[in-house]
Structure formats: structure tokens, C-alpha cells
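The chain contents come next:
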Amino acid sequence: MPVSVLSRSTSPHAGQKTGTSGLRKKTSVFTSDNYLANWVQALFSSLGSEIDGQTICLGGDGRYFNREAAQIILKLAAGNGISRVIVGKSAILATPAASALIRARSLFGGLIMSASHNPGGPSEDWGIKFNYKSGEPAPERITNEIFKFTETISELKFGDIPDVDLAVVGTTEFDGFTVEVVECTAEYVPLLQQVFDFDMLKAFLSRPDFRMKFDAMHAVTGAYAPKIFCELLGAPESSVVNCGVLEDFGGGHPDPNLTYAKELVDILYSGADAPDFGAASDGDGDRNMILGKGFFVSPSDSVAMIAANAQECIPYFKDGLKGVARSMPTGGALDKVAAKMNLPFYEVPTGWKFFGNLMDDGRCSICGEESFGTSSDHVREKDGLWAVLSWLSILAKRNEGKAAGEKLVTVEDIAKEHWAKFGRNFFSRYDYEGVESEKANAMMDHVRSVIASAKKGDKFGEFELDFADDFEYTDPVDGSVASKQGLRFVFTDSSRFIFRLSGTGSSGATIRMYIEQYETDPSKLEMDAQVALKSLIDVALETSKLEEFTGRDKPTVIT
Ligand code: G6P
Ligand code: ZN
């Protein structure tokens, strides 16, 4: 006799619209009145008979409410015909690890409980997202369907099962429904071991003249970093910090950028004694920040530098890259690499989901976004630890055979060599967080009106306009069109500025202003990005009348 189903009535909650990366709201919203159960039931109902007898995975970033949420989800899975759920121990699974699990075990999909880089806790954020068969974030056709079901939902179907102990690895069988608890590293760490040369990395990380610091920011990579860097690669224990996964991320904001990963930044900028390499990852382990000693690698540069060195340094790419891709606002360093290496190149809207089709179609091996996301087709998500291991692989390869005491090639050396070869795309992003939505929308409408009357050749300060538009993307694989993906002004010297509203906030609006300028003059390559971009930043602020519309005279975060 299969698990019996307890039907419970419910009524719709407005606004359960799944955004760029799932549904995100304040935790207190999710914990009230079946809010979570409604969304999960809507997901299962929208998939209909497709999910009968299927296996999915479940896990998350360790934030507050995940463990209770996991029990609710398990009961709904049991009540909706799913036959097996593979759960990360203690409900922990990093986003890229869930993607790896889905792919390695040919699962129907997976649920990830995370609000990514947003803070966690009872008064902070919570979130959930669904990944589909090839491990990719759910396509819009699915998220639109979920939304439709949330608007009319009236019944929740819970399987009549007790809470399952998720703290121990093992299998719990019910009639027709199984819960399998696995280590959070399952399938993922073995995959990384195939992608990278762990022997080479181990030899490098054991050098006494190389020191690294990985900051897990009390988030999910804390469950992976000691195993990967210390246990498997032999780095000293002091190489990883903040690895206790805490429900509130230690009160921090687990977003690896120069503002929120300040503790790590301070260590790497502490002078001659600073470690040689630093890295951090976000709440759910998909973002990354890469630092050298006193040196920041911008994410737009990082993906280009990884792509340029991948074939030589990472076994997974030994036969070369199929192609590369970046999101539209991401700086164009990757374009230069693609052109020089003769690689197919794609520019997609912001959002990892847009890379999935390209990868599934065998068109793209490495992709990245300015929003601190970098990854490859080993999974269908961005992968913070993959980016860190990629950089360590480049350093290890470049320093192979160096005698003790010989000067090592540094992160900074690699970046500077890259700029000398490809030119430098200076890039910066200004974020204006927590702006009132009406004000942000009014500013965007104003910028749209400037675009409507702009013509090629118009002068914006010293810059001559090539074109201005609202970015639209046609997917080369399935022909789907995504419009209104960012207001961009591109100038004849290929400088650009772009305005977009964030799609990942949980309240109010965040305005993002992206600034980019290409430089090949050797005397200017090492300039500070803020100095190099100053005049273009001023032009962008003036064009948008940002201060006038929002009252903000400075951004909340600069990257
Ligand atoms: C998430 C997605 C990324 C995307 C980013 C953009 O992290 O996974 O693919 O680049 O959000 O966020 P935004 O707040 O700019 O919409
Ligand atoms: Zn994330």
C-alpha cells in the first residue's frame, strides 16, 4: 500500500512569481500560512504526471528554516507521486553540487533551498528554486506554469509520513517512497576530481612558499572546503576560514565581493605577509571572488583569464573549448579571448539559465557573469569552487617545476600578462540598493526615453554613440526571445554603460549601473579601474539623472 495522502485545503498567496533564481522572500513570509507548501505543491501540480515515480534531490545552503522546510517538502513529494528523494546530509547541498547530483544520477530534477547571497535568519531572506533534468535552473516555461498554479491552488497533498532523520547518511523506506540521505559532497567532489588534476594541485598546495585563504563566509562551501582543500589537496587547515555553516551565516551577508567579504579582503591586502591567493563563495556556493596578494580579479576578467588558460591547465578542457559565453552586462574581456582563439562566442541576458541551452547543445564550455559567477559545462550552474580550483590550476601549472625559493608566478602576474596580450576591459558596477520601486522605474523610463531619441554619432561627453537599445536575445538553440534585458549605450570606441534593475532582490529595487572601457595603451593598463572609468561614470550618471530620480548621491556597493 503506497503512502496515504492527507489532503489539506489552502488558498492562494499573491505574488509567488519565480524570479531569475527561484522564489525569494523574507523568511517570515515563507514560514506563514502554507506559503512554502503552496509553491511546492504548485510546482508538483504543474508538472502533473511527469513526476510520477521520479527521483529528485533536495538540499540547501544551511540557512535558517531549511531543516523544517525539508520535512515539509519531503511530505509533499511523498503525497504527489515522487518515489525517491535524495537529500544532502542535514539538508545541505551547494547549488553546483545539486546540479552535479542531478546529472550524475540522471534525476528528474532537484529543489534547492537558498536565497543565494542574501542574508539568512528569521528576519532575513529565504528562497527556493527548482532545477531540471540536466541540472539547470528551471526554464521559464516551467516557472510560468508554477506561477499559474499558485494563483488558483486550493489543495495540498501531504504524504502521511513522519519526519525523516536527515542528520545521518542512509536510506529510509516507506511504502512506495524512499528518502536517501547522502553526503553533500556526493557526485560533486568526484566530478571535480575528474575535471581538475588533483595531483598537480596537491603538489602545488603543499609548497611552503604558497599560501591560500578560502573564506566560506559561514555558508554552504564550509561543508566542502575543508574536505577539498585540506583533506584531498593537503593545504594546511589555516587555508580555510569561516567553515562552520551557520543558519544566519554568522550575521554576515554571504556575498563574495569587495564590500561583503571584507574580512578576506583585509587579509589579502594586509601587506607583504598576506597570503598569495584568496577566494570566497556565497551562501549556496555558486558565486566566487578571486584575489591575489593585494590584488582583485574582476569577475569579467576572471572568466576570460580562465578561458585563455583552460586548455593548458585543466584536464577537462585538454581538447580545447567548444565556445565561450558571457552575460550582456559582463565586461568584454572574454570577447577578446574568443576572437584571438577563434572560439564561438555568445552574449546572453543576465541569468545563468541562458547558458544552459548553449551547453546542452555543445556550443559552450566556459561562461561567466560580472555578478561573480563563473563555471563550465561540467554542471549547469555557476560553481564557486570550480572557479577557485581553476585559478589554483593556472597557478599550479605556471609554477610547476619551480625550485623552493624561486619567485612564483602570482595572480597579479597572470592578470597583467593577460592585459598585455588581449588589452584590458576596465569594468565597474555601481549598485544602488533598496531604492523605492517607483523611483527606480521612473529613472528607467527616463533612460528609455533618452534611448528612443538617441542617434548614432550623438555625443555623450567625450564619447560618440554607436548605438543605444534595450538588449534583446534570441536563443540560437530554441529560437526563444528574451526582451527588455538591460538599457545599454555603446560608444564608437566600444566603451559602454548599461542600466538594469536587479531581478534577485526580495524588497524594493536595486539599480545596477555597469561601466566598461577598453584600453590597449600599455602605459594605462595598470590604472585603478575607478580612475580609468571616471569620465564615463560621470556621463552615465548625468544621462540617467540617477541622483535626481532616486536622491542617491552614491552607490551602496561598488565592484
Ligand atoms: C543570480 C543568477 C545570476 C545572475 C544574478 C543577477 O545570481 O544566478 O545568473 O547574474 O543573479 O542578479 P541581479 O540581481 O543582477 O538580477
Ligand atoms: Zn548563489
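Residues numbered from 1 in each chain as written. Chains lettered and ligands numbered in written order. Predicted model: local features only at pLDDT ≥ 70, side-chain atom pairs only at ≥ 80, totals over all residues.

Asker: Explain the overall build of the protein chain here, please?
Answerer: In terms of helices and strands, the protein chain carries 17 helices and 27 strands. Taken along the three principal axes of its C-alpha coordinates, the protein chain extends 75 × 60 × 40 Å. When the 559 residues of the protein chain are sorted by exposure, 53% land in the buried category. Restricting to contacts in the protein chain with at least 6 residues of sequence separation, those with at least 24 account for 73%. (Helix = DSSP H or I, 4+ residues; strand = E, 2+ residues; numbered from the N terminus. Buried ≥ 20, exposed ≤ 12 C-beta atoms within 10 Å, placed from the backbone. Contact = placed C-beta atoms within 7 Å.)

Asker: Is there a simple way to explain helix α12 (residues 353-360) in this structure?
Answerer: Quick reminder: α-helices carry 3.6 residues per turn. Residues three or four places apart thus point the same way. Most of α12 sits out of view: seven of its eight residues are buried. Of all the positions in α12, only K353, F354, F355, G356, N357, L358 and M359 are classed as buried. Tucked inside the fold, the buried residues of α12 contact β15 (324-327), β16 (345-348) and β17 (366-369). Phi for G362, located one or two positions after α12, is positive at around 70°.

Asker: Explanation requested: the site of ligand 1 in the structure shown.
Answerer: Taken together, 14 residues sit near ligand 1, with W352, S371, S502, G503 and T504 positioned nearest. Split by residue class, the shell around ligand 1 holds one nonpolar, eleven polar and two charged. (Near = placed C-beta within 6 Å. Nonpolar A, V, L, I, M, F, W, Y, C, P; charged D, E, K, R; others polar.)

Asker: Please explain the environment of L501 as it appears in this structure.
Answerer: Within the secondary structure, L501 is located in strand β25 (residues 496-501). In this structure, the C-alpha to C-alpha distance between L501 and E312, residues 189 residues apart in sequence, is 38 Å. L501 has contacts with A440, M444, A509, T510 and I511, leaving out every residue within four places of it along the chain.

Asker: Even after reading the chapter, I still don't get the UniProt feature "domain: Alpha-D-phosphohexomutase alpha/beta/alpha" (unreviewed entry) in the protein chain, so can you show me in this structure?
Answerer: Under the UniProt annotation, "domain: Alpha-D-phosphohexomutase alpha/beta/alpha" (unreviewed entry) lies at residues 16-155, 187-291 and 300-402. Across residues 187-291, helical content stands at 30% and strand content at 14%; the span's end C-alpha atoms are separated by 28 Å. Measuring from the first to the last C-alpha atom of residues 300-402 gives 29 Å, for a span that is 45% helix and 16% strand. (UniProt positions renumbered as here; feature names shortened; annotations may be inferred.)

Asker: Would you mind showing me how to read the packing of helix α7 (residues 198-205) against helix α13 (residues 384-398) here?
Answerer: When two helices pack together, their arrangement is given by the angle between the helix axes and by the axis-to-axis distance. Here α7 crosses α13 at 70°, and the two axes come no closer than 9 Å. Classified by the interaxial angle, the pair formed by α7 and α13 is roughly perpendicular. Every residue of α13 that contacts α7 at M200, L201 and F204 is listed here: L389, L392, S393, L395, A396 and K397. (Axes fitted to C-alpha atoms, helices over the stretch in contact; angles between N-to-C directions. Parallel < 35°, antiparallel > 145°, perpendicular 65-115°, else oblique.)

Asker: What is the right way to look at the domain arrangement of the protein chain in this model?
Answerer: How big an interface is tends to be stated in terms of accessible area lost as the parts join. Taken domain by domain, the protein chain consists of domain 1 (5-182), domain 2 (188-422) and domain 3 (424-558). Computed over C-alpha atoms only, the centres of domain 1 and domain 2 are separated by 29 Å. With 28 residues of domain 1 at the interface, the matching set in domain 2 holds 30 residues. Residue contributions to the side of domain 1 that touches domain 2 peak at eight residues, all from helix α4 (residues 95-104). Across the side of domain 1 that touches domain 2, the residue classes break down as 13 nonpolar, eleven polar and four charged. (Domains from an automatic or database assignment.)

Asker: Honestly, the sheet that holds strand β2 (residues 23-26) in this entry has me stumped. Any pointers?
Answerer: Strand pairing in a sheet relies on backbone hydrogen bonds, with the paired strands running either antiparallel or parallel. The strand order β2-β6-β5-β3-β4-β9-β8 describes an open sheet built from seven strands, whose pairing is mixed. The open sheet has two edge strands with one neighbour each: β2 and β8 (170-174). Neighbour-to-neighbour, the strand axes of the sheet open up by a mean angle of 15°, direction not taken into account. Here five bridges tie β8 to strand β9 (residues 177-182), and the two strands are oriented antiparallel to one another. Across the sheet, the residue bridging to G170 is V181, located in β9. (Pairing = 2+ DSSP bridges.)

Asker: What am I meant to see in the confidence of the model for the protein chain here?
Answerer: Keep in mind that low pLDDT regions are not for reading the predicted coordinates in detail. When pLDDT is averaged along the protein chain, the result is 95, and 99% of the positions lie at 70 or above. With pTM at 0.94, the complex prediction returns an ipTM value of 0.96. (pLDDT = per-residue confidence, 0-100.)

Asker: Which parts of the structure should I look at to understand the sheet that holds strand β24 (residues 487-491)?
Answerer: Strand order in the open sheet formed by seven strands is β20-β21-β24-β25-β26-β19-β27, and the pairing between neighbours is antiparallel. For this open sheet the edge positions go to β20 (459-460) and β27 (557-558), each flanked by a neighbour on one side alone. In terms of strand pairing, β25 meets strand β26 (residues 509-519) through six bridges, oriented antiparallel. The residue bridging L501 from the neighbouring strand is I511, located in β26.

Asker: Got a minute to help me understand the environment of Q41 in this structure?
Answerer: With respect to the helices, strands and loops of the structure, Q41 is situated in helix α2 (residues 35-47). A count of 25 C-beta atoms within 10 Å places Q41 in the buried class. Taking C-alpha positions, Q41 is 7.3 Å from K157, a pair spaced 116 residues apart along the chain. Not counting the four nearest positions on each side in its chain, Q41 is found in contact with L76, I153, L156 and K157.

Asker: When you look at the nonpolar core in this model, what are you seeing that I'm missing?
Answerer: Soluble globular proteins tend to pack their nonpolar side chains together in the buried interior. Within the largest apolar cluster, 141 residues are counted, with the highest numbers of intra-cluster contacts made by L101, A307 and V324. For this core, the element with the most residues is α13, which contributes ten residues. Taken domain by domain, this core gets at least three of its residues from each of domain 1 (5-182) and domain 2 (188-422). Beyond its immediate sequence surroundings of up to four residues, L101 is in contact with C57, I86, L107, G110, A186, E187 and Y188. In this structure, F426, F463, I511 and M513 belong to the second largest nonpolar core, which totals 30 residues. (Core = buried A, V, L, I, M, F, W, Y, C linked by C-beta atoms within 7 Å.)

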